[in-house]
Amino acid sequence: MVDLIGQYQHIKSEIDSAIHTVIDTGRFIGGPALESFTKNLAAYLDVKHVVPCANGTDALQIAMMALNLQPGDEVITADFTYAATAEVIALLRLTPVLVEVDPLTFNISPEAIEKAITSATRAIVPVHLFGQCADMAPIMEIAQRHHLYVIEDTAQAIGAYYTFPDGKKQRAGTIGQIGTTSFFPSKNLGCYGDGGAIFTNDDALAKRLKMIANHGQSSQYVFDDIGCNSRLDNLQAAILDVKLKYLDKYCTARQSAAAYYDEQLASLQNATIPVRAANSTHVFHQYTLTLKPGTDRVAARKAFEQRGIPTMVYYPSPMHRQNAYKSPRYSDADFPISIRLSECVLSLPIHTEMTRDQQDYIISAAKDIIQ
Ligand SMILES: *Cc1c(COP(=O)(O)O)cnc(C)c1O
């Protein structure tokens, strides 16, 4: 699905030198590499504060801890997402409220958010799924009207731009009160292990986020709140600082690969190509086909596999059907779209190192297998 080794080969000397600088100086936790990456990422995103942390799940958890949400507070998020989003809400003894998604972009539906709001609702967590932004203008409008926080899960969409109706553009993750991301190796900006970050334009929140990520310490050995231990180490920061310089190039490479898939696969009778949201760029963390009902996905995946082509199903089950997140609050009848997507999505390989030959091979297989 990705080619991390091929990507490394192109920037090997820069990465190797960045790694050796960290080892040679013995500064593994906190230090120049972390400071440089944090500053450069803030400039790239055009956001005031970047708080690095250990992974994208921690980023979400720290974000919710910083907002002082209380047990029983309701947090609205998408039913069709990766589990981390719902998980941290439940872990903090908040109540996850799952809502339906848009049938075309697969992103959280603003109408469904509005319907799910109660007097206990405190926050909305839109997930910018597969590389394009959830519809942030109506989401921010709803949040303002109901005095709710917005935490954007940007693990799959770093680098994407959202365009507001007035033409103003903002990077994914910098629109709500807090944005979070993951640097898991296969993400669009991936390190060589685990990593994550939190973004905010709010000075007071930034201070709290930093404090919570560092055991709740306001200064050394002064513990003002219960926090956690969540750090991005210097080796990962040094690697990310090199890769950040190439992030726009990586986005463009994914977009060109997606455009070629689009051109070649638009004629498939039994599948539709990804729909581009009108108000967001798409950085194609995933290239996801929607199979027509009745198409045998299991057989299709097997046929791809026999030709040496990996495929993935993101995600095979909507969150409301998972044992951990079942709730008497809702039933299958509330999620026809999310259920249908879980039954018919199929992601093809897409990454920064794809060659025309590789894509032609996958395209001709798709034309044979899916038709
Ligand atoms: C990857 C991912 C996460 C979690 O990131 P980790 O670094 O693996 O903890 C959270 N949300 C979404 C949408 C993701 O894709």
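It should be noted that the structure appears before, not after, this text.
None of these values were measured; they are calculated from a predicted model.

Caption draft 1: Representation of the site of the ligand within the structure. In the vicinity of the ligand, the contacting residues are Asn55, Gly56, Thr57, Tyr82, Ala84, Val127, Asp153, Ala155, Gln156, Ser182 and Lys187. Thr57 is positioned with one of its side-chain polar atoms (N or O) 2.5 Å from an oxygen atom of the ligand. Within the side chain of Lys187, one N or O atom sits 2.9 Å away from an oxygen atom of the ligand. Relative to its unbound accessible surface of 380 Å², the ligand loses 91% to contact with the protein.

Caption draft 2: Representation of the side chain of Thr77 in the model. Mapped onto the secondary structure, Thr77 falls in strand β2 (residues 74-78). Taking relative accessible area as the criterion, Thr77 reaches 0% and is therefore assigned buried. Among the polar contacts made by the side chain of Thr77, one reaches the main-chain carbonyl oxygen of Val125 at a distance of 2.8 Å. The residues touching Thr77, leaving out its near neighbours within four places in the chain, are Thr85, Ile89, Val97, Leu98, Val99, Ile108, Val125 and Val127.

Caption draft 3: Fine view of the nonpolar core. Judged by nonpolar contacts, the single largest core of 83 residues is most densely connected at Leu41 and Ile370. Residue contributions to this core reach at least three from each of two domains, namely domain 1 (4-244) and domain 2 (248-369). Excluding residues within four positions of it along the chain, Ile370 makes contact with Leu268, Asn270, Ala271, Leu289, Leu291, Phe304, Leu346 and Ala365. With 26 residues, the next largest nonpolar core counts Ala63, Ile198, Ala213 and Cys228 among its residues.

Scoring rules and cut-offs
Residues numbered from 1 in each chain as written. Predicted model: local features only at pLDDT ≥ 70, side-chain atom pairs only at ≥ 80, totals over all residues. Heavy atoms only, no water. Near = heavy atom within 4 Å. Polar contact = N/O pair within 3.5 Å; in protein donor to acceptor, adjacent residues only side chain to side chain. Areas by Shrake-Rupley, 256 points an atom, 1.4 Å probe, with all protein chains shown as cover. Helix = DSSP H or I, 4+ residues; strand = E, 2+ residues; numbered from the N terminus. Buried < 20%, exposed > 50% of the residue type's maximum accessible area, 1.4 Å probe, protein only. Contact = heavy atoms within 4.5 Å. Core = buried A, V, L, I, M, F, W, Y, C linked by side-chain atoms within 4.5 Å. Domains from an automatic or database assignment.

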